[in-house]
Amino acid sequence: MEDYVINVGKVEEWQMINDISSLNEVFQRGKRVLVGGGTVALVREQRDGSLWKVDEFSSLEDFEKYKENVYKYLKD
């Protein structure tokens, strides 16, 4: 299975505007990739357009902890 890349800047943007549906979609895709044996990479886009890998998950447990941190301060 292919790896899945999550743009941290987009996650932060969705947090700010409380776009829970977009966050749910990203985390569902990430979970499917991990269950299928792939990895999930967190990247941040630099000003020159290059991507900087912030973190990587190969464990569903670690990914769920990251998800909890993202959702922690969102309004329902």
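Scroll up to find the structure.
Being a predicted model, the structure only gives us computed values, none of them experimental.

## Considerations on the overall build of the chain
- Within the chain, the secondary structure is distributed over three helices and three strands.
- Written out in order from the N terminus, the α and β elements of the chain read β-α-α-β-β-α.
- Along the longest, intermediate and shortest principal axes, the C-alpha atoms of the chain span 35 × 30 × 15 Å.
- The buried share of the chain, reckoned over its 76 residues, is 30%.
- The long-range share in the chain, meaning contacts at least 24 apart out of those at least 6 apart in sequence, stands at 60%.
- For the chain, the exposed area adds up to about 5400 Å²; of that, 47% sits on carbon and sulfur atoms.
- Here the chain contributes 11 positive and 15 negative side-chain charges, whose respective centroids are spaced 3 Å apart.

## Remarks on helix H1 (residues 8–16)
- Looking at H1, one finds that the buried residues are Val-8, Val-11 and Trp-14. Summarising the axial view, the buried residues of H1 lie within an arc of 120°, below the 170-degree limit, and thus occupy one face.
- Where H1 is buried, its residues meet strand S1 (4–7), helix H2 (20–35), strand S2 (40–45), strand S3 (51–57) and helix H3 (60–71).
- Two or three places before Gly-9, at the start of H1, stands the capping residue Asn-7, its side-chain oxygen 2.8 Å from that residue's backbone nitrogen.
- Immediately beyond the C-terminal end of H1, within one or two residues, lies Asn-18, with a positive phi of roughly 60°.

What counts, and where the lines are drawn
Residues numbered from 1 in each chain as written. Predicted model: local features only at pLDDT ≥ 70, side-chain atom pairs only at ≥ 80, totals over all residues. Heavy atoms only, no water. Helix = DSSP H or I, 4+ residues; strand = E, 2+ residues; numbered from the N terminus. Buried < 20%, exposed > 50% of the residue type's maximum accessible area, 1.4 Å probe, protein only. Contact = heavy atoms within 4.5 Å. Areas by Shrake-Rupley, 256 points an atom, 1.4 Å probe, with all protein chains shown as cover. Lys, Arg positive; Asp, Glu negative; His and termini not counted. Charge placed at Lys NZ, Arg CZ, Asp CG, Glu CD. Arc of directions from axis to C-beta. Polar contact = N/O pair within 3.5 Å; in protein donor to acceptor, adjacent residues only side chain to side chain.

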